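Spelled out, the chains give:
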Amino acid sequence: MLPPDMLGLTDEQVEELKLVDEWGEKCVPSGGWVSNADPVGRRNGRQPLKKMQDVLEKAVADAKLMITKKLVEQGTILQLKMVQDALDLLRGAVMIVYPMQLPPHDPIRMEFSNTEDLEGTQASLEVIEPCKAQLWFAGKLLPNDAKLRDVVGGNEKTKIIVKLAKVNEGAPGREPVVSEEARKQMMMHAYRRQEELKTDRRGNENNYDGIPQPVQLCWPLINKYVMTMSCSTNLVDCWWCAGDDARGCIQKTRNVHVNIE
């Protein structure tokens, strides 16, 4: 991470202001680095090599598995020690890649030491101090001195969703009645059904059973124009048809030629 006075500046601006990243030469990745400029101007662009990148990515993936929501499905209780173990895993991976440690102003280092100042950032909205936190269940506030068994009973197999909110913010939003996966399945089913109805409607409109081929080709025009149709075997007999009456007249003929006047 670049020093605070260099964040967001271009190379020309840094050179013009004569700013220097003193930690850039000290905190280098182990095994070397490749240049990869940060488009937002927050990092110094010294990217670790592929081998060191794999170390960081594997540590991140393992840490996410340690605190994943799937622990609920597995019946595993998430404990504070598991969270601390995940942080220790990430801290060890960073030490492998950066033996000289990260700069003191780097957010990752401050997070590991629990000294990061989140004031004025989006992340500050996701952090709730214990003294300002409240638990809600089924739209009701749970007293701090109450136990869950006082609310839901003593059945150990009961699964409930308890939400955390700040004091004086009111009840948090309720869980959706239909899950996201079920909603997607319902939308897919509705779309397929809509396409089937379109296909059936199109098939009914193009149903020309019993109508000669020459007339079938011109059927869309018959509903719009007055048609003169004459029987090929007897040119004297003519049928004047328009709109819906045309279909009934056409069905009375066999070999019909259609002329649009």
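Here, the structure is the one placed above.
Nothing here was measured: the structure is a model prediction, and the numbers come from that model.

Concerning the overall build of the chain
Along the backbone of the chain there are 9 helices and 8 strands. Burial status across the chain gives 20% buried among its 261 residues. Partitioning the intrachain contacts of the chain with sequence separation of at least 6 by distance along the chain shows that 51% fall at a separation of at least 24. Put simply, the chain shows about 19,900 Å² of open surface, and 55% of that area lies on carbon and sulfur atoms.

Side note on the sheet that holds strand 4 (residues 140-142)
Reading across from one edge, 4-3-5 is the order of the 3 strands in this open sheet, with antiparallel pairing throughout. Pairing within the sheet leaves two strands with one partner each, and these edge strands are strand 4 and strand 5 (163-166). For this sheet the average axis-to-axis angle between neighbouring strands, irrespective of direction, equals 45°. Where strand 3 (residues 133-137) lies against strand 4, 3 bridges are found, and the strand directions are antiparallel. Its bridge partner being in strand 4, Leu135 is matched across the sheet by Leu142.

Structural notes on the pattern of salt bridges
Evaluation of the coordinates by the stated rule reveals 9 salt bridges. Between Glu25 and Arg46 there is a salt bridge whose closest N-O contact spans 2.7 Å. Taken together, the residues span a long stretch of sequence, with Glu25 in the loop between helix 1 (11-17) and strand 1 (33-35) and Arg46 in strand 2 (residues 46-48) at a distance of 21 residues. Across the salt bridge formed by Asp54 and Lys50, the nearest N and O atoms sit 2.7 Å from each other. Of the two residues, Asp54 and Lys50 are both situated in helix 2 (residues 50-66); the distance of 4 residues between them amounts to about one turn of the helix. Classification of Asp54 as partly exposed rests on a relative accessible area of 34%. Using a relative accessible area of 56% as the deciding quantity, one classes Lys50 as exposed.

Observations regarding a negative patch on the surface
Judged by side-chain charge, Asp11, Glu12, Glu15 and Glu16 come together as a negatively charged surface patch. Residue position: Glu16 is located in helix 1.

Description of helix 4 (residues 80-97)
With 18 residues, helix 4 ought to run about 26 Å at 1.5 Å a step, and its terminal C-alpha atoms sit 26 Å apart, in line with that. All of the buried residues along helix 4 are Ala86, Ala93, Val94 and Val97. When helix 4 is viewed along its axis, its buried side chains cluster within an angular range of 100° and face the same direction. Exposed side chains of helix 4 directed beyond 90 degrees from the buried face belong to Leu80 and Lys81. If you follow the buried residues of helix 4, they end up packed against strand 2, helix 2 and helix 5 (107-112).

Brief notes about unusual backbone geometry
Within the chain, Lys18 stands out as a residue other than glycine whose phi angle is a positive 60°. Note on placement: Lys18 falls in the loop between helix 1 and strand 1. Located in the positive-phi region is Ala138, a residue other than glycine, with phi close to 55°. For Ala138, the position within the fold is in the loop between strand 3 and strand 4.

Conventions we followed
- Residues numbered from 1 in each chain as written.
- Predicted model: local features only at pLDDT ≥ 70, side-chain atom pairs only at ≥ 80, totals over all residues.
- Heavy atoms only, no water.
- Helix = DSSP H or I, 4+ residues; strand = E, 2+ residues; numbered from the N terminus.
- Buried < 20%, exposed > 50% of the residue type's maximum accessible area, 1.4 Å probe, protein only.
- Contact = heavy atoms within 4.5 Å.
- Areas by Shrake-Rupley, 256 points an atom, 1.4 Å probe, with all protein chains shown as cover.
- Pairing = 2+ DSSP bridges.
- Axes fitted to C-alpha atoms, helices over the stretch in contact; angles between N-to-C directions.
- Salt bridge = Lys/Arg side-chain N within 4 Å of Asp/Glu carboxyl O.
- Patch = residues over 30% accessible without salt bridge, like charges linked within 9 Å, V, L, I, M, F, W, Y side chains within 5 Å.
- Lys, Arg positive; Asp, Glu negative; His and termini not counted.
- Charge placed at Lys NZ, Arg CZ, Asp CG, Glu CD.
- Expected span 1.5 Å × (residues − 1).
- Arc of directions from axis to C-beta.

The analysis is restricted to geometry; functional conclusions fall outside its scope.
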